[in-house]
Amino acid sequence: MLITCHATCPHLIHLHHIIHLHHIIHLHHIIHLHHLIHLSHNSTRAKNTMNELIQTVQETAHTLIVYELNGLLVLLYVLWANVAGLLTAGACTILLLDTPADQRLWILVVTLVVILAAFVAPAPVPVLVAGMSIAGMVAVMLDKFSPDTLRWRAVSALGLYAGAALAYMLYGRYLEGVDATAWAEAIGGQQEAQATLSQGRSFLNTLATWGLWLILPLGYLSLLVQGMLAHPPVGSKPDETISAVRTRSG
């Protein structure tokens, strides 16, 4: 019996080693698989983080582009809505160039009133003011005989027109704010007050239509044409012509 046990012990020991080695290999495979799964999860997590980062960058860039485009559209809208005032300001600035010192302050004040009317007066006054300002600027630039005199007359006429346009705007707003009920007792009744206000608005609109939209602009253009045609066209200013004659005589 002891001999049989001793004879079979090596086989048992060998089998034990085999089983132990099998467990070690199985455990190694499990650890390796767990490691691979962990690496796969980390890779997936990193990929998701990168995708989220790329998406955030894209959304931020899209938002910035939308804001920039909206800002540009707002700027273009503001410029288009005030294009008449901007053109008037440019023409008046050019009119101020080469202005004599004794006229500069007066012309500056008048041109500021003209620019104000081009920005705040009701339509179509801003467009008319811009056209009249540009016409005056061109006439002064073309006149070589007496540009200072023509500039003075053009700016003065522009100032009168701008003053009339601002007065029309202010009086129109005054009539809009008048309450017929408050006038009823003084005039004799609410119907009479309504009729009086309606007649006042109608009279004011008639004056504005004929005066601001037609008569005054045409009178201004005729003033410019008369100023340019009052003398034959010359290629240079009188003082330049006299200086050239003196130089040739000398």
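Procedures and definitions
- Residues numbered from 1 in each chain as written.
- Predicted model: local features only at pLDDT ≥ 70, side-chain atom pairs only at ≥ 80, totals over all residues.
- Heavy atoms only, no water.
- Core = buried A, V, L, I, M, F, W, Y, C linked by side-chain atoms within 4.5 Å.
- Buried < 20%, exposed > 50% of the residue type's maximum accessible area, 1.4 Å probe, protein only.
- Helix = DSSP H or I, 4+ residues; strand = E, 2+ residues; numbered from the N terminus.
- Contact = heavy atoms within 4.5 Å.
- Expected span 1.5 Å × (residues − 1).
- Axes fitted to C-alpha atoms, helices over the stretch in contact; angles between N-to-C directions.
- Parallel < 35°, antiparallel > 145°, perpendicular 65-115°, else oblique.
- Left-handed = near helix turned anticlockwise from the far one by under 90°.
- Nonpolar A, V, L, I, M, F, W, Y, C, P; charged D, E, K, R; others polar.
- Salt bridge = Lys/Arg side-chain N within 4 Å of Asp/Glu carboxyl O.
- Phe/Tyr/Trp six-rings, centres within 6.5 Å; stacked < 30°, edge-to-face > 60°.
- pLDDT = per-residue confidence, 0-100.

S.K.: Looking at this model, I keep getting lost on the nonpolar core. Mind explaining?
M.R.: Nonpolar side chains tend to gather and get buried jointly when the protein is soluble and globular. Grouped together as the largest cluster of nonpolar side chains are 34 residues, with contacts concentrated most on Val114, Val125, Leu212 and Tyr220. Residue assignment for this core shows that the elements contributing at least two residues are α2 (83–96), α3 (101–120), α4 (125–142), α5 (147–177) and α7 (190–229). Of the residues forming this core, the biggest block, 12 residues, is contributed by α5. Sequence-distant contacts of Val125, that is, excluding residues within four places in its chain, are made with Tyr161, Ala165, Leu212 and Trp213.

S.K.: Sorry if this is basic, but what is going on with α3 here?
M.R.: The terminal C-alpha atoms of α3, which comprises 20 residues, lie 30 Å apart, in line with the 28 Å expected from a rise of 1.5 Å per residue. Taken together, the buried residues of α3 touch α2, α4 and α5.

S.K.: What should I look at first to understand the packing of α2 against α4 in this one?
M.R.: A pair of packed helices is characterised by two quantities: the angle between their axes and the separation of those axes. Interhelical geometry of α2 versus α4 gives an angle of 25° and a closest axis separation of 8 Å. By the angle between their axes, α2 is roughly parallel relative to α4. In this structure, α2 crosses over α4, and the sense of that crossing is left-handed. Here Ala84, Leu87, Thr88, Ala91, Cys92, Ile94 and Leu95 of α2 lie close against α4, whose contacting residues are Pro126, Val127, Val129, Ala130, Ser133, Ile134, Gly136, Met137, Val140 and Met141. Residues of the contact of α2 with α4, tallied by class, amount to 14 nonpolar, 3 polar and no charged.

S.K.: Whenever I open this one, the pattern of salt bridges confuses me. Can you help?
M.R.: Two side chains carrying opposite charge are able to pair once their charged atoms lie near each other. Evaluated as defined, the whole model comprises 1 salt bridge. For Arg151, the salt bridge is made with Asp148, and the minimal N-O distance between the two is 2.7 Å. On the criterion of helical spacing, the pair formed by Arg151 and Asp148 is a turn pair, its members being 3 residues apart in helix α5. Taking relative accessible area as the criterion, Asp148 reaches 30% and is therefore assigned partly exposed.

S.K.: Which parts of the structure should I look at to understand the packing of α2 against α3?
M.R.: The N-to-C vectors of α2 and α3 enclose an angle of 170°; their axes lie 8 Å apart at closest approach. Regarding the angle of α2 to α3, the classification is roughly antiparallel. On α3, the residues touching Ala84, Gly85, Leu86, Thr88, Ala89, Cys92 and Leu96 of α2 are Arg104, Ile107, Leu108, Thr111, Val114, Ile115, Ala118 and Phe119. Here the contact of α2 with α3 is composed, by residue class, of 11 nonpolar, 3 polar and 1 charged.

S.K.: For this particular structure, what's the right way to read the environment of Ala118?
M.R.: Relative to the helices and strands, Ala118 resides in helix α3. With a relative accessible area of 4%, Ala118 lands in the buried category. With near-sequence residues (within four places) excluded, Ala118 lies in contact with Ala84, Gly85, Thr88, Pro126 and Val129.

S.K.: It is not clear to me how the packing of aromatic side chains should be interpreted in this structure. Could you clarify?
M.R.: Pairs of aromatic rings are described using the distance from one ring centre to the other and the angle between the two planes. For the structure shown, the criterion picks out 2 aromatic pairs. Ring plane angle 40° and centroid distance 6.1 Å describe the contact between Trp106 and Trp152, whose orientation is recorded as tilted. Here Trp106 is found in helix α3, whereas its partner Trp152 is found in helix α5, with 46 residues between them in sequence.

S.K.: Explanation requested: unusual backbone geometry in the structure shown.
M.R.: In this chain, Ala123 is followed by Pro124 through a cis amide linkage whose omega measures 0°. In this fold, Pro124 is placed in the loop between α3 and α4. The backbone phi angle of Asp98 is positive, close to 60°, even though this residue is not glycine. With respect to the helices and strands, the residue Asp98 is situated in the loop between α2 and α3. For Asp98, a relative accessible area of 67% gives the class exposed.

S.K.: What should I look at first to understand the confidence of the model for the chain in this one?
M.R.: Interpreting fine coordinate detail is not advised for predicted regions of low pLDDT. Scored by pLDDT, the chain comes out at a mean of 78, with 68% of its residues at no less than 70. The model gives residues 1–8 a pLDDT under 50, and that stretch makes 0 contacts with residues more than four places away or in other chains.

S.K.: Teacher, can you tell me more about α4 here?
M.R.: Structural remark: α-helix, 3.6 residues per turn; residues separated by three or four positions point the same way. In a regular helix each residue adds 1.5 Å, so 18 residues correspond to 26 Å; α4 covers 26 Å between its end C-alpha atoms and thus fits that length. Taken residue by residue, α4 has Val125, Pro126, Val129, Ala130, Met132, Ser133, Gly136, Met137, Ala139 and Val140 as its buried positions.

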